[in-house]
Structure formats: C-alpha cells, structure tokens
Amino acid sequence: MNQVKSNIREFIDGKAGLVKILVIVFYCVGIFGMAFGPTREFFITLTPLALLLSLLVMVLYHQPDDLIKELILFVSIFTAGFLIEAAGVNTGRVFGSYAYGKGLGIKLLDTPLLIGINWVFLVWCTAVITARFKIHAIFRIIISSVIMVLYDVLLEQVAPLMDMWRFDGGTPPLRNYTSWFLLAVIFHSLVSLAGIKPVNRIAPFVLYIQTGFFVILLIIFKTAR
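Residues numbered from 1 in each chain as written. Predicted model: local features only at pLDDT ≥ 70, side-chain atom pairs only at ≥ 80, totals over all residues. Heavy atoms only, no water.

Visitor: Even after reading the chapter, I still don't get helix α8 (residues 174–193), so can you show me in this structure?
Guide: Since the α-helix turns once every 3.6 residues, residues separated by three or four places project in the same direction. The end-to-end C-alpha distance of α8, which contains 20 residues, comes to 29 Å, matching closely the 28 Å that a straight helix rising 1.5 Å per residue would cover. Along α8, the positions that sit buried rather than exposed are N176, Y177, S179, W180, L183, A184, F187, H188 and V191. The buried side chains of α8 occupy one side of the element, clustering within an arc of 160 degrees when seen end-on. Those residues of α8 that are exposed and aimed more than 90 degrees away from the buried face are L174, L182 and L193. Next to the buried residues of α8 lie α5 (67–91), α6 (114–130), α7 (137–158) and β4 (165–167). Positioned one or two residues after α8, G195 has a phi angle of 70 degrees, which is positive. (Helix = DSSP H or I, 4+ residues; strand = E, 2+ residues; numbered from the N terminus. Expected span 1.5 Å × (residues − 1). Buried < 20%, exposed > 50% of the residue type's maximum accessible area, 1.4 Å probe, protein only. Arc of directions from axis to C-beta. Contact = heavy atoms within 4.5 Å.)

Quick look at the structure:
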C-alpha cells in the first residue's frame with residue numbers, strides 16, 4: 001500500500017509542470033470569456049467551478065504534516081469564515097453593508113458556501129508562501145495577513161463586476177479591511193499554534209495566477225468603460 005501511495009505521489013509530482021500549464025490555459029480562457037459581453041454572463045456562472053478546480057489542484061499537491069489536525073483546522077476555518085461572513089452580510093456590522101450576488105453560487109443565510117472555502121484557500125496559500133521565510137512566527141502571521149488584505153483590496157474592485165458581491169455605495173468601508181486583517185491574523189495564528197508546517201508546491205503558483213487573472217480582468221473592465 002505504501003508503495004502504491006509512493007508511486008501515485010511520484011506520478012503527480014512529475015506532472016506538476018503540465019498541471020501549471022493547464023491552470024494557466026484555464027484562467028486565460030476565463031479572461032477571454034469574461035472580456036466579451038456575449039459570453040460574460042455564462043463565464044460568471046462558471047466562477048464557482050473555477051474556485052473548486054483551483055482547490056482541487058491544491059489538494060492534489062497537498063503534503064500533510066498531520067492530516068487529522070489539518071482537517072480539523074480546515075473545517076474550523078471554513079465554518080468560522082462562513083458564519084462570520086453570514087453575520088456580516090445579514091447585519092452589516094462586521095465588514096460593512098454589502099450583499100452577495102449570483103457569482104459565487106449556492107447560498108445559505110444569503111451567503112455563498114464557497115466563501116468559507118475561499119477563506120481556507122487564502123489562509124493556506126499565504127501560509128505556504130510565508131512558511132519559506134526564516135522569520136519569527138509573529139512576523140510570519142502578520143505578513144501572511146497583510147498579503148490577504150492586499151488580495152482583498154484587488155478583489156473588491158473586481159467582485160461587483162463579476163456579480164460576486166457589492167457594498168452599498170459601491171466602496172468598501174475601512175472596517176472591511178481591518179476586519180479582514182484581524183480575521184486573517186486569527187486564522188494564521190491557529191495554523192501556527194497547531195504546529196502545522198504548511199507545504200504545498202503548487203499553492204503559491206495558483207494564488208499568483210488567480211491574482212493575475214483578477215488584475216487583467218480589472219484592467220479590461222475599466223478600459224472598456
């Protein structure tokens with residue numbers, strides 16, 4: 001059994017280059033689909049699929065340090081992230097007054113289930129990136145959280161255009177970013193306190209490609225106006 005697992009791992013690792021090419025092609029197709037009016041609505045409906053496929057790629061290259069502990073951590077982040085977002089969208093007291101559109105798929109309590117997965121995705125990607133830094137855990141937590149906030153600053157510009165969510169008045173308030181930072185600090189602190197070493201050779205690449213995807217879409221949407 002161990003030999004079979006080893007062979008599967010070697011096969012997956014050996015295909016990392018091909019997987020990266022496929023991820024690039026996938027997001028490039030998404031850019032072209034979003035760029036043209038006649039296909040934009042259809043590609044917006046595919047946003048949940050894109051996020052789930054990105055997560056699947058990460059799962060394939062996940063190298064568990066302590067699988068049980070990691071599963072508990074991921075479920076905790078998913079649950080907390082979703083419930084906080086649900087509280088936020090229904091009360092306006094966490095991130096500000098906003099509402100989710102149809103771009104992130106199925107909702108519960110007016111909140112897409114995918115939003116919890118997005119928290120897990122971002123926390124793990126940024127944790128993997130900063131795990132390579134030879135710095136104190138506190139600085140690693142802060143840097144990871146800052147990266148997440150910077151990502152959110154970009155995403156807030158694109159989200160309304162992709163019908164993901166929209167703030168009242170069109171501009172996110174400052175507390176949206178302060179709340180994001182505090183939550184990111186809490187989640188990354190949990191990763192650190194759990195003693196888990198985040199390892200995933202493809203997670204940073206997926207986050208970089210996704211960031212580039214949103215940057216290019218933002219430029220296209222802004223120049224098209």
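Visitor: Help me understand the packing of helix α2 (residues 16–35) against helix α4 (residues 47–60), please; the structure alone is not making it clear to me.
Guide: A pair of packed helices is captured by two measures, namely the crossing angle of their axes and the spacing between those axes. Two elements in contact, α2 and α4, have axes separated by 12 Å at closest approach and are oriented at 170 degrees. The orientation of α2 with respect to α4, classified from their angle, is roughly antiparallel. Seen from α2, the contacting residues are V19, V23, F26, Y27 and M34; seen from α4, they are T47, A50, L53, S54 and V57. Taken together, the residues of the contact of α2 with α4 sort by class into 8 nonpolar, 2 polar and no charged. (Axes fitted to C-alpha atoms, helices over the stretch in contact; angles between N-to-C directions. Parallel < 35°, antiparallel > 145°, perpendicular 65-115°, else oblique. Nonpolar A, V, L, I, M, F, W, Y, C, P; charged D, E, K, R; others polar.)

Visitor: Whenever I open this one, the nonpolar core confuses me. Can you help?
Guide: Side chains that are nonpolar tend, in soluble globular proteins, to be buried together. Formed by 60 residues in total, the largest nonpolar core has its most connected members in W119, M162, M164, W165 and F214. With 11 residues, the top contributor of residues to this core is α6. Leaving out residues up to four positions away in the same chain, W119 has contacts with I77, G81, E85, F95, M148, W180, L183, A184 and F187. (Core = buried A, V, L, I, M, F, W, Y, C linked by side-chain atoms within 4.5 Å.)

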